Amino acid sequence: MNNEKNNKVSRYIRLLTLPIIEILLGSILIGMAVNNVGRKEAVMRKGFSEVNAMAYSDRIIEDIKSGIHITDTLEQIIISEDGKCNKFYDVAENLMNDSIQSIQLAPAGVVTDIYPEEGNETGKIDLFNDEIRKKYVCYAMEHDIPVMQGPFELKQGGSGIAVRNPVFLNKNGIREFWGFTIVIIRVPDFFSDSLKALEGFGYNYRLLKTVSPWEDEYVEIYSSGGEMINPVIYRFALDGDTWELQVMQKDGWIGDKEELGKIIFYGGNGILILLVILTFTVLLVEERRKYFKLRAETDKLTGIYNRSGFNKALSTYLKKNPDSKCIVAELDIDDFKFINDMYGHEAGDAALRGFASHMKEFFPQYAVMGRNGGDEFVVFLSDQTYETAHDKLREFTKLNKSFLHKGEHCSFTISLGYAEYPEQARSREELLRYADAALYEVKLRGKNGCILYKSGFAEIRTQLGFALKDISTHLPGSFLIYKADPEDDKLLFANNEMIKLAGCRDMEDFFAYTGRSFRKLIKESEQKDIEESIWRQINAGNADSNDYVSFTLVRKDGSHIKVFDHGRIVDNSYYGRVFYVLIMKRELIDTYYYGTKENMN
C-alpha cells in the first residue's frame, strides 16, 4: 500500500515539475521583456514564437499520429484476423471524421477496399505499378515504416496527403508482406485546430514537409498567406519525413512601442498559462500512454513481462547488439496440471507467483524474465555463454521450490531448457524455438532437469509431440489415480473415460459425487471384501505391486456396472504412495476375451 502511494506521489511530482519550471521560466522571461521593451523586444518576441512553434509543432505531430493511428488500428485487426479485415466498412465508418477523405486497404499493394466508396472509385489502383506512387510504397515496405505522400489535389476538391502503412504477418516464424493500410487526410482540415490557434494568437505561419523521405527538398503543405520575414523555424522528424513549421508575428518583431509593455505582460501570461496547460496535458497523456504500455507488456498475475513484452525486449537487445553473446532459457513447472487438480487454481496461481518471485530473487538484476502463459516462463541473460551460465541454471533447477497451501509448504520441481546466441541461433525466433526444444527434451527424459539445446532436439519434438499428446488425450479405457492408504483413499485424478463411466459431467462433478473417495465408487455391500482383496494382493507382492479385482461400480444416477480393476501402486514425489488404476466393463472382457477364447477352442 505504501509503495503504491509513493508511486502516485512520484508520478504527480513528475507531471508537475515541467509545468512549474515553465511557469518560473515564463515569468522570468515576461519580467525581463517588460523591463527591456525597447532593446529586448525582438529577442523576446522571437523567444515566445519559438516556444509556440515548438508547442504547436507537438500538437501537429499528435494530429499526424492520429492519422497514422488509423492505419495502425487496421493493421492490428488484419494481424489478429490472420490477413483479413472482415468488418472493414464498419471499422472504417467508426474511424472516419470530417478531415479524412477515405480509408483504404491494399493487400499485395492493390487497393481493393475504400470507405466511403462513393466518389473514391478511381482510387482502386495497383500501387506498385503506378509511376507516381511506386517509389513511396517500395520505400515503406523496405523500411517497414508509414510513408506520407503529398500534398496532392483531390478529385473531390482541396488537397490531401496519403498515409500508407506496410503490414507484415508472422507465418510460422517468418514475416510475410501482406500489403498496406491507407488513410487519405484532407489538408489543411487535419491541422485546422492547431493552425487556427496559431493564427488566433496573431501569427502568420507556413507548414512544410520534405517531398519524400529520401529527398531534402521541401513542399508547402499550407500557409496563412501573410508576410514571412525572418520567421522562427521549428523542424521535427516523423517516420522518415522532416516537417518544418515557420511562424512570425503578424505585426512584425517590434510592434507598437507604446502598448508593447502591456501586450507583452498580459499576452505573455495568457500564452504561458495556455502553454502550461498544454504541457501538463501532453505530459499526462504521455504518462497514461506509458502506463497502458506497461500494462500491455506485463503479466498481471506475476508482475513480470508477458510473452509480448519479453519478445519485444529480446528483439530490441538483439537488434542493438547483433554480435553479443547471450542465453535464453525456457522453464516450466513439472506436473502443473496436477497442482491445479489437486489443490485448486488458487494454489496454482500461488505457485506461479512464488516461482516468479523466486526467479527475480535468484537471477541478477539485468536478467529479463517473462511468462509465456500457463506455467511456462522464460529468462534472458545478456553477455552469457554456455560455460558461464550452465552452473547457475543447473543450480536454479535443483533448488527447492514450494508454495503455501492451507498453512503447509507443497514442493514442486521444474524443467529448464536453454540455447545460446549467436553460437546456436541467429535470430530471436530461432533462439526461443531452440530453448523450447531443449525444454521438451528435459520432459522426455523425466523432467526436473536442465539441458542445453543440441542439434536434432527440434526434430525429436516434431516426431514425438503429436503422439504423446494423442496418448494423453485418447488413452483407451477408464483411468484414475487415488492415494494408496487404507485410511485415506483420496481420488487425485480421473480421465474423461472414467468420468463418463461414473455418469458425471466433468472432473469437478466427479469429485463432488465421490467426495473424492475411491470407496464411494464401490457398491457398499462389496466395499470391505474388495479393499481386503486389494491389500492382500499388494502385501503379497503380486506382480510388482499390482492388484486385480472385479467389483460393482455405482454410477452417479444410482445404476450399477460390473467392472474389472487392474491397479498398480507407485511412489509419487507429491502425494506419497498412490494407485494407478485401469478400469474396464466386465461385459466387454467377457464378450471380447472369453468369447474369442471359446471360439478358438
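Residues numbered from 1 in each chain as written. Predicted model: local features only at pLDDT ≥ 70, side-chain atom pairs only at ≥ 80, totals over all residues. Heavy atoms only, no water.

Trainee: Help me get a handle on the pairing of strand β22 (residues 576–585), residues and values and all.
Mentor: Sheet topology note: the strand β18 (residues 478–483)/β22 ladder contains 6 bridges and is antiparallel. Bridge pairing links Y482 to F579 in β22. Both strand β21 (residues 560–572) and β22 contribute to a ladder of 10 bridges, which runs antiparallel. What sits directly across from D571, in β22, is R577. (Pairing = 2+ DSSP bridges. Helix = DSSP H or I, 4+ residues; strand = E, 2+ residues; numbered from the N terminus.)

Trainee: Provide a residue-level description of the sheet that holds strand β4 (residues 159–171), including the pertinent values.
Mentor: By definition, the strands of a sheet pair up through backbone hydrogen bonds, in either a parallel or an antiparallel sense. Read across the sheet, 5 strands follow the order β2-β1-β5-β4-β3 without closing on themselves; strand pairing throughout is antiparallel. With partners counted over all chains shown, the strands left at the sheet margins are β2 (113–115) and β3 (147–153), one partner each. This sheet shows a mean twist of 20 degrees between the axes of neighbouring strands, independent of strand direction. As paired strands, β3 and β4 are joined by 5 bridges and run antiparallel to one another. By the bridge assignment for β4, F152 is matched with G160. Helix α3 (residues 88–95) rests against β1 (100–107) and β2 of the sheet, and its axis sits at about 35 degrees to β2. The sheet contacts of helix α4 (residues 134–143) involve β3, β4 and β5 (174–187), and relative to β4 the element is tilted by about 40 degrees. (Axes fitted to C-alpha atoms, helices over the stretch in contact; angles between N-to-C directions. Contact = heavy atoms within 4.5 Å.)

Trainee: Explain the sheet that holds strand β17 (residues 450–452) residue by residue, including any values.
Mentor: A sheet is described by the order of its strands in space; here 6 strands give the open sequence β10-β12-β13-β11-β16-β17, paired in mixed fashion. At either end of the open sheet lies a strand with only one pairing partner, and these are β10 (305–306) and β17. Bridge analysis of strand β12 (residues 368–373) against strand β13 (residues 376–382) gives 5 bridges, and the strand direction is antiparallel. Within β13, the position partnered with R371 by the bridge is F377.

Trainee: With reference to specific residues and values, describe the packing of helix α8 (residues 336–343) against helix α9 (residues 345–362).
Mentor: The N-to-C vectors of α8 and α9 enclose an angle of 135 degrees; their axes lie 6 Å apart at closest approach. The orientation of α8 with respect to α9, classified from their angle, is oblique. Contacts between α8 and α9 involve F336, I339, N340 and Y343 on the former and, on the latter, H345, A347, G348, A351 and L352. Partitioning the contact of α8 with α9 into residue classes produces 6 nonpolar, 3 polar and no charged. (Parallel < 35°, antiparallel > 145°, perpendicular 65-115°, else oblique. Nonpolar A, V, L, I, M, F, W, Y, C, P; charged D, E, K, R; others polar.)

Trainee: Let's hear about a nonpolar patch on the surface: which residues, and what values?
Mentor: A grouping of F201, I273, L274 and I277 is seen on the molecular surface, where their side chains present a nonpolar patch of about 360 Å² in accessible area. By the element assignment, L274 lies in helix α6 (residues 257–297). (Patch = residues over 30% accessible without salt bridge, like charges linked within 9 Å, V, L, I, M, F, W, Y side chains within 5 Å. Areas by Shrake-Rupley, 256 points an atom, 1.4 Å probe, with all protein chains shown as cover. Salt bridge = Lys/Arg side-chain N within 4 Å of Asp/Glu carboxyl O.)

Trainee: Explain the nonpolar core to me, using residue names and the numbers behind them.
Mentor: By size, the foremost hydrophobic cluster in this structure holds 45 residues, and its most contacted members are I60, I64, I103, F191, W243 and V247. Tallying contributions element by element places helix α2 (residues 37–80) first for this core, with 12 residues. Counting residues in hydrophobic clusters, the runner-up holds 38 residues, among them M342, F510, L521 and F551. (Core = buried A, V, L, I, M, F, W, Y, C linked by side-chain atoms within 4.5 Å. Buried < 20%, exposed > 50% of the residue type's maximum accessible area, 1.4 Å probe, protein only.)

Trainee: Tell me about the side chain of S517, residues and numbers included.
Mentor: The residue S517 is located in the loop between α14 (507–514) and α15 (527–539) in this model. A distance of 3.3 Å separates a polar atom in the side chain of S517 from the backbone nitrogen of R519. Non-local contacts of S517, meaning those with residues more than four positions away in its chain, are made with D489 and L491. (Polar contact = N/O pair within 3.5 Å; in protein donor to acceptor, adjacent residues only side chain to side chain.)

Trainee: Give a detailed account of the confidence of the model for the protein, specifying residues and quantitative values.
Mentor: For the protein, per-residue confidence averages 83 on the pLDDT scale, and residues scoring 70 or more make up 82% of the total. Here residues 462–469 scores under 50 on pLDDT; set against residues more than four positions off or in separate chains, the count is 6 contacts. Per-residue pLDDT stays below 50 along residues 596–601; that stretch engages in 1 contact with residues further than four places along the chain or on separate chains. (pLDDT = per-residue confidence, 0-100.)

Trainee: Could you give an account of the packing of aromatic side chains, with specific residues and numbers?
Mentor: Summed over all chains, the structure comprises 31 aromatic pairs. Between the aromatic rings of F362 and F396, the centroid separation amounts to 5.0 Å while the plane-to-plane angle is 45 degrees, which identifies the pairing as tilted. You can see F362 sitting in helix α9 and its partner F396 sitting in helix α10 (residues 386–398), a full 34 residues away along the chain. On the basis of relative accessible area, F396 is assigned to the buried category, the value being 0%. Ring pairs connect the aromatic residues Y343, F355, F362, F363, F377, F396, F403 and F412, which therefore count as one cluster. In this arrangement the basic side chain of R175 is found over the ring face of F168, its NZ or CZ atom lying 4.3 Å from the centre. (Phe/Tyr/Trp six-rings, centres within 6.5 Å; stacked < 30°, edge-to-face > 60°. Lys NZ or Arg CZ within 6 Å of the ring centre and 35° of its normal.)

Trainee: Got a sec to walk through the pattern of salt bridges? Specific residues and values, please.
Mentor: Pairing is possible between side chains of opposite charge, provided their charged atoms come close. Throughout the structure, instances matching the rule amount to 20 salt bridges. A salt bridge links R519 to E531; the shortest N-O distance between them is 2.4 Å. Of the two residues, R519 is situated in the loop between α14 and α15 and E531 in helix α15; the sequence distance between them amounts to 12 residues. On the basis of relative accessible area, R519 is assigned to the partly exposed category, the value being 26%.

Trainee: Could you give an account of the pairing of β5, naming the residues involved and the relevant values?
Mentor: In terms of residue burial, β5 counts as a mostly covered element, since 10 of its 14 residues are buried. Bridge count for β1 against β5 is 7 bridges, and the pairing is antiparallel. Bridge pairing links Q104 to I182 in β5. Pairing of β4 with β5, which is carried by 13 bridges, proceeds in the antiparallel orientation.

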